[in-house]
Amino acid sequence: MKKSLLPAALALAAFAAAAPPNIVFILSDDVGYGDLVCYGATKVKTPNLDRLAREGTRFTDAHSTASVCTPTRFAFMSGRYAWRQAGTGIAAGNATLLIKPSTPTVASVLKQGGYATGIVGKWHLGLGDTTPDFNKEIAPGPREIGFDYSFIIPATGDRTPCVFVENGRVVGLDPSDPIEVSYGKRIGTDPTGLERPDLLKIKADQSHSQAIVNGVSRIGYMTGGKKARWVDEDIADTLTAKAVAFLEKQKAGRPFFLYLAPHDIHEPMVPHPRFRGTSQCGWRGDVIHQLDWTVGEVLGALDRLGFAKDTLVIFTSDNGGAIKNTYDDGTNHLHALQPPNGALRGQKGTLYEGGHRVPFIARWPARIRAGTGSAALMGHIDMMPTFAALAGQALPKGAAPDAIDVSKALLDPKAKGRDTLVLQNNNQQPLALRAGTWKLLTRPNGASELYDLANDLAETKNLAASEPERAKELAALLATERAKSAP
Ligand code: CA
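All of these numbers come straight from a predicted model, not from anything done at the bench.

## Remarks on the domain arrangement of the chain
A common way to express how large an interface is: the accessible area buried when the components associate.
So, point 1. Domain assignment breaks the chain into domain 1 (2–174 + 226–419) and domain 2 (429–483).
So, point 2. Relative to domain 2, the C-alpha centre of domain 1 lies at a distance of 29 Å.
So, point 3. The interface of domain 1 with domain 2 comprises 16 residues on the first partner and 17 residues on the second.
So, point 4. A buried area of about 1,300 Å², summed over both sides, lies between domain 1 and domain 2, and 52% of it is on carbon and sulfur atoms.
So, point 5. Looking at the side of domain 1 facing domain 2, the largest losses of area belong to Trp83, Leu351 and Tyr352, adding up to 42% of the total buried there.
So, point 6. Put simply, domain 1 and domain 2 have three salt bridges between them.
So, point 7. The partner of Arg434 in a salt bridge is Asp61, with the nearest N and O atoms 2.7 Å apart.
So, point 8. One can count 11 residue pairs in polar contact (both at pLDDT 80 or more) joining domain 1 with domain 2.
So, point 9. Of the residues in the side of domain 1 that touches domain 2, the class split is seven nonpolar, two polar and seven charged.

Here it is, written out as structure tokens:
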């Protein structure tokens, strides 16, 4: 049949199916596999995230590729395993940009494909070529690697500088009160958290006891910028408003990509007063409610603006839940009521499933069947070629060297995802490898553990000794991955 003979409605439908979707990628922070009601939580309420799952596909074998923030975000952005590049462990608040501006990123590829691109939220990938001066225009940063608009927390909530940076400039900075940031060397005369615990609204361990901002002690020192400093209780409101404002600026006819990286539920967990006491898990549960509210505001804006049907919304987390909190608001004992990582072993910072198997929900009313579930092996690292495929955009040569297009698995709950995936903790070691339903976990000292996740998801039986051939096979696969020349 000639194309021109297709009934008009069918031709229109085919055209609509091929149109590039808007993409909203929500990368929450430290949300564990057991933290949402749609993943089995019982002591919190997550109606907006549950709605997203009801209207889309809930993935049960999706991974953050690292069990801590910076390497996960590096891999998502560049499609390259962070362990291939030294210095991509958890970044200090004054680290330099970890991704060279010439490197294709998920944002630059979509921008090249005609998308309007924006990031709102936690960056944690360094800024500048040299130690950034927060009193000047800060570059290179998000703009130089593909974002038209950026409103970011430079590192994390528990690290200095405690300010927002919008399009390269600190928001609300008074030039007569310049900012200085230091990691290691003490600066200024302000008391630290260690010296004046009486000034703190939440107790902190020693590593989080340097500069005091808004009654919370942090990692790192900071002086000046008093008017620009954030108020922890208001961070979620601010980021949500900026994300919604970005959506409101978009026009039908030009696709957009919003990378929304909420601070919740990373420490310090300081919920806005309206969320306090609303969960049964103390402030940790309350910030889950706050995060769910953020997602609800974004979904509401997509509905209101008429974007919902043609927008792919993905919600996931940058690593598993943290069980042992470094801050203590007096409610930490309540966290045991609802294990952050459900039945999984381990937590943030470990290579057991609790460190990197994360919630992953994808909704796209035009293309994804509502209320479905998928057991496909998925990784954040694959988003660049996957989004490019959905956008009909070719990848530049050498882009995303460790990633594959998993758009079929995103759209079809029965389709297969990856065959293998390398997982990491903070730096070059330790690494783990998933191959099918098997997992090999290696230790820097050469020891390894082997788990059969199909029959032992909680990783209780190390089969390395009883299945030496399989352990060897996975070790060889991992060695092959490691040996690939770093592009
Ligand atoms: Ca994190």
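Having put the structure on the table, let's press on.
## What about the coordination of the calcium ion?
So, point 1. The calcium ion binds to the protein through Asp29 (OD), Asp30 (OD), Cys69 (SG), Asp318 (OD), Asp318 (OD) and Asn319 (OD1); the donor distances cover 2.2 to 2.6 Å.
So, point 2. Considering all six donor atoms around the calcium ion, angles at the metal cover 52 to 153° and the coordination shape is irregular.
So, point 3. In the primary structure, the donors to the calcium ion are separated according to the pattern D-D-x38-C-x248-D-N. With a gap of 250 residues between them, Cys69 in helix H3 (residues 69–78) and Asn319 in the loop between strand E14 (311–317) and strand E15 (327–328) connect regions that are remote in the sequence. Note on accessibility: Cys69 and Asn319 belong to one class, buried.

## Digging into the sheet that holds strand E16 (residues 360–363)
So, point 1. Read from one edge of the open sheet, 10 strands run E7-E6-E5-E4-E13-E1-E14-E16-E2-E17, paired in mixed fashion. Both edges of this open sheet fall to strand E7 (169–170) and strand E17 (372–374), since each of them pairs with a single strand only.
So, point 2. Examined bridge by bridge, strand E6 (residues 165–166) and E7 share two bridges and lie antiparallel to one another. Paired with Val165 across the bridge in E7 is Val170.
So, point 3. Relative to E16, helix H2 (residues 47–54) is tilted by about 60°, and along the sheet it contacts strand E2 (57–59), E14 and E16.

## Thoughts on the pairing of E14
So, point 1. Here E14 lies mainly inside the structure; seven of its seven residues are buried.
So, point 2. Pairing analysis gives seven bridges linking strand E1 (residues 22–28) to E14, with the strands arranged parallel. In the strand pairing of E14, Leu27 is matched with Thr316.
So, point 3. In terms of strand pairing, E14 meets E16 through four bridges, oriented antiparallel. Looking at E16, one finds that Val313 is bridged to Arg363.

Parameters at a glance
Residues numbered from 1 in each chain as written. Predicted model: local features only at pLDDT ≥ 70, side-chain atom pairs only at ≥ 80, totals over all residues. Heavy atoms only, no water. Domains from an automatic or database assignment. Contact = heavy atoms within 4.5 Å. Buried area = accessible area lost by both parts, 1.4 Å probe. Salt bridge = Lys/Arg side-chain N within 4 Å of Asp/Glu carboxyl O. Polar contact = N/O pair within 3.5 Å; in protein donor to acceptor, adjacent residues only side chain to side chain. Nonpolar A, V, L, I, M, F, W, Y, C, P; charged D, E, K, R; others polar. Donors = N, O, S within 2.8 Å, 3.2 Å for Na, K, Ca; no water. Tetrahedral: all angles 85-135°; square planar, octahedral: opposite > 155°, others 65-115°. Helix = DSSP H or I, 4+ residues; strand = E, 2+ residues; numbered from the N terminus. Buried < 20%, exposed > 50% of the residue type's maximum accessible area, 1.4 Å probe, protein only. Pairing = 2+ DSSP bridges. Axes fitted to C-alpha atoms, helices over the stretch in contact; angles between N-to-C directions.

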